[in-house]
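Close look at the chain arrangement
Listed here are the chains, written in short residue letters.
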Amino acid sequence: MKIVTGLLKFVLVTFGVLVLALTGVLWMDQQRTEYLKPENRLPAFAEGAILLTNVQLVPMTADTVLSGMAVYLEDGVIRRIVEERTLDEFDGVDDFDEVGGLEEVDRFDEMDAFEAVGGLEEVDELWYREGNFTRVDAEGRYLMPGLIDMHVHLWDRYELGLYLANGVTAVRNVWGMPMHLRMKEEAHRGEYLSPRIYTTGPKLTGQEVIDGSNWQLSDVAEARSRVRAFHDEGYDFVKTYYGLSRELFEAILEEASELGIDVVAHPTPGVAFSDHVHPQIRSIEHVEDVVQQALEFQMDSLALQQVLDGLMREAEAIGMGSSRGGFGEQGEPHQPDPNTNKVRYEVQYEVRYCPTMTVFHNITRMLREDSILTSDSLAFMNPLVRLVDSKAQFERWSGAKAQDPGVVDRLEAQHAFHLEIVRAMHEAGVTLIAGTDAGIGVTLPGFSIHEELAFYREAGLSNFEVLRTATVNAAGTHGVMGDLGSIEEGKAASLLLLDGNPMEDLGALRDPVVVFLDGVPLGRDQLGRMKEQAFGRKNRVATGVRYLKNLVQEW
């Protein structure tokens, strides 16, 4: 008996020590991301409203740049947009009552009183008039909506800083776990600086897809109950994945329709490709699946056109529109959603496709670059992902190349055909939304959005059309995202201030001067620090603990 008691004590003590050690690991990892605390934002903008003057506006509501504009931001919202020359016409407080936040300004015609002490290079020294607002001379720089990456995989907080540093102010996570609900809620409460997070639940699959982080459905009743559970738990969307039978697939869509929760669809071979056109499916993912499923690996331009014609015919047959000849803007806002407390916007039901070209192209990089796993750029990837997923993918494709060297040329040819698919989709009236599949393989969080947009430009879209994929088109996909994507009064103040004109040079997006995160300005120095802190981070164990915790909680 003493032996049993002693053994039990040993087990309990060991378990307790292990729990304390793992808790300590998570706490230390959290401490290392203190640089994302809100108090670390620019001190000159610690609170209050902001008036940006001398702005070149890229509103994304039209193919234009508006010069000499002034934009007033308050409480995270764009309150007023006017021509700067009209500011001199305001000579009293009454003129500004409708704007809000300027009640204590007696004589606005004395403009010199509101000048900053320096330009944006001296942004930390900007004069701030307590109780009113900060006036900032943008010095002719360009203001546009923040970028949205519609297909990411989040693993830690460091990645959130990488997205912000690259001008991404909202992300759609498409491999949801309980930790993402916590991340979303913490970000919503303002506990740390983060792009807005929207997330699917765990991927819904059939029984043959073996992966602990997916939900393998066995029957229609379980399919319906899982959709209800994800909705009730607070996930924004449902994601369908490989291995679903038509019966399971239809049950998911029917339940989602009843609950009003959007579906993100990774094409599944058990369902006809054209059947992924459905009002509840807000976007279809991955351009390579057009080749692998719809075209059965035949890179045939004529067959591609027939597939696209079939998609658009299906859309017309079920009453879904097309973006051809119009911009497909979201409509008027509805009442706040009871689950998120955010205003939902009407959306136009049309075929939307998220190409994720970057992640497939990175396969060719793995085949061409033998040292990619030890490259400096990969030090921005989560270290556990780098050790497990990046390495596994590299070894898989290295093995394929060793057996058949011709695989390199074939995959590069397929990437070239993906460009043709994007061009053809755009011309057919499919609404393209930008997504990268960042966070897996060697596809970097944040940085990869610029590669993705460059591919769309290479496919023949104009700069304006490219920018729309990551702004207006993306925001119009889901009602909960409808206050993003364009610079309009009443929209969210999630904005980028750039040195160059992105309508002429997409490279201007890579190094924002200021990122406004729901009205909170983050300067270039701070954005640079976010990159530095994420580079070469050592949170492998913390990531593993969080992942295992998610599996236990999920099941």
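Reading guide: rules and limits
Residues numbered from 1 in each chain as written. Predicted model: local features only at pLDDT ≥ 70, side-chain atom pairs only at ≥ 80, totals over all residues. Heavy atoms only, no water. Pairing = 2+ DSSP bridges. Helix = DSSP H or I, 4+ residues; strand = E, 2+ residues; numbered from the N terminus. Buried < 20%, exposed > 50% of the residue type's maximum accessible area, 1.4 Å probe, protein only. Contact = heavy atoms within 4.5 Å. Axes fitted to C-alpha atoms, helices over the stretch in contact; angles between N-to-C directions. Parallel < 35°, antiparallel > 145°, perpendicular 65-115°, else oblique. Nonpolar A, V, L, I, M, F, W, Y, C, P; charged D, E, K, R; others polar. Salt bridge = Lys/Arg side-chain N within 4 Å of Asp/Glu carboxyl O.

Our focus in this paragraph is the pairing of strand β3 (residues 77-83). Here strand β2 (residues 66-74) pairs with β3 via six bridges, running antiparallel. Each residue of the ladder has a partner; that of Glu74, found in β3, is Val77.

Tracing the sequence through the fold places Gly435 in the loop between β17 (431-432) and α11 (448-458). Given the relative accessible area of 0%, Gly435 is considered buried. When neighbours within four sequence positions are excluded, Gly435 is seen to be in contact with Asp149, Met150, His151, Cys354, Thr356, Met357, Glu452 and Tyr456.

Moving on: the packing of helix α9 (residues 383-403) against helix α10 (residues 407-428). Running from amino to carboxyl end, α9 crosses α10 at an angle of 120°, the nearest separation of the two axes being 8 Å. Classified by the angle their axes make, α9 and α10 are oblique. When α9 is examined against α10, the residues Trp397, Ala400 and Lys401 are found in contact with a partner set consisting of Val407, Val408 and Leu411. Of the residues that constitute the contact of α9 with α10, the class distribution is five nonpolar, no polar and one charged.

Applying the stated criterion across every chain yields a total of 29 salt bridges. Between Arg246 and Asp275 there is a salt bridge; the shortest N-O distance is 2.2 Å. In this pair, Arg246 is assigned in helix α5 (residues 246-259) and Asp275 in the loop between β12 (262-265) and β13 (281-285), connecting sequence segments 29 residues apart. With relative accessibility at 36%, the residue Arg246 sits in the partly exposed group. Residues Glu412 and Arg368 are paired through a salt bridge, measuring 2.9 Å at the closest nitrogen-oxygen approach. In this pair, Glu412 sits in helix α10 while Arg368 sits in helix α8 (residues 357-368), placing the two residues 44 residues apart along the sequence. The exposure class of Glu412 is partly exposed, given its relative accessible area of 30%. Arg368 gets classed as partly exposed once you look at its relative accessible area, which sits at 48%.

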